[in-house]
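Secondary and tertiary structure notes
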Amino acid sequence: MSDLNPPTRSGCLTNVEMTRLQQASPGAVPEELARHLAACQVCQERVLFGQEPRRRRRGPTGPEMPTPVRALVILAVMLVMIIAFFFTLARLVS
């Protein structure tokens, strides 16, 4: 293989084959390329997201946890609101 056409992974489509695939009109893709693309997730991602395989994010995917100081401030505000509610309720009832 030449340096202009390195395989990205064993058995995956080369850059030249990817170019042929992307330049072909819908329904006119060579059968061997279409079969490989239907079975290979790596090549499907390369066609959809570009020549480089997409990197997967690692680590937590949810929102960041608040800092301890921020959590304590939120807790204190909630506690003040609860006390104000019960104080108001006691004044209304009596």
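Computed from a predicted structure; not experimentally measured.

Focus: the packing of helix α1 (residues 15-23) against helix α3 (residues 41-49)
Remark: α1 packs on α3, axes separated minimally by 11 Å, with the N-to-C direction vectors making an angle of 60°. In this view, α1 runs oblique relative to α3, as classed from their interaxial angle. In this structure, the crossing between α1 and α3 has a hand that is right-handed. Contacts between α1 and α3 pair N15, M18, L21 and Q22 from the former with C43, R46 and V47 from the latter. Along the lines of polarity and charge, the residues of the contact of α1 with α3 split into four nonpolar, two polar and one charged.

Thoughts on α3
Considered for burial, the residues of α3 that qualify are C43, E45 and R46. Along the axis of α3, the buried positions cluster into a sector of 160°, meaning they face one direction only. Residues of α3 that are buried make contact with α1 and α2 (31-39). Positive phi appears at G50, one or two residues downstream of α3, with a value of about 120°.

Looking at a nonpolar patch on the surface
Among the surface-exposed residues, I82, F85, F86, L89, L92 and V93 lie close enough to one another that they form a single nonpolar patch of about 650 Å² accessible area. The topology assignment puts I82 in helix α4 (residues 68-93).

Structural notes on the packing of aromatic side chains
The tally for this structure, following the rule as stated, stands at one aromatic pair. On the numbers, 5.3 Å between centres and 65° between planes, the contact of F85 with F86 is edge-to-face.

Re the pattern of salt bridges
Within this structure, the stated rule accounts for two salt bridges. The partner of E32 in a salt bridge is R20, with the nearest N and O atoms 3.8 Å apart. With a gap of twelve residues between them, E32 in helix α2 and R20 in helix α1 connect regions that are remote in the sequence. Note on E32: relative accessible area 52%, which makes it exposed. E31 is paired through a salt bridge with R35; the nearest N and O atoms lie 2.4 Å apart.

Thresholds applied
- Residues numbered from 1 in each chain as written.
- Predicted model: local features only at pLDDT ≥ 70, side-chain atom pairs only at ≥ 80, totals over all residues.
- Heavy atoms only, no water.
- Axes fitted to C-alpha atoms, helices over the stretch in contact; angles between N-to-C directions.
- Helix = DSSP H or I, 4+ residues; strand = E, 2+ residues; numbered from the N terminus.
- Parallel < 35°, antiparallel > 145°, perpendicular 65-115°, else oblique.
- Left-handed = near helix turned anticlockwise from the far one by under 90°.
- Contact = heavy atoms within 4.5 Å.
- Nonpolar A, V, L, I, M, F, W, Y, C, P; charged D, E, K, R; others polar.
- Buried < 20%, exposed > 50% of the residue type's maximum accessible area, 1.4 Å probe, protein only.
- Arc of directions from axis to C-beta.
- Patch = residues over 30% accessible without salt bridge, like charges linked within 9 Å, V, L, I, M, F, W, Y side chains within 5 Å.
- Areas by Shrake-Rupley, 256 points an atom, 1.4 Å probe, with all protein chains shown as cover.
- Salt bridge = Lys/Arg side-chain N within 4 Å of Asp/Glu carboxyl O.
- Phe/Tyr/Trp six-rings, centres within 6.5 Å; stacked < 30°, edge-to-face > 60°.

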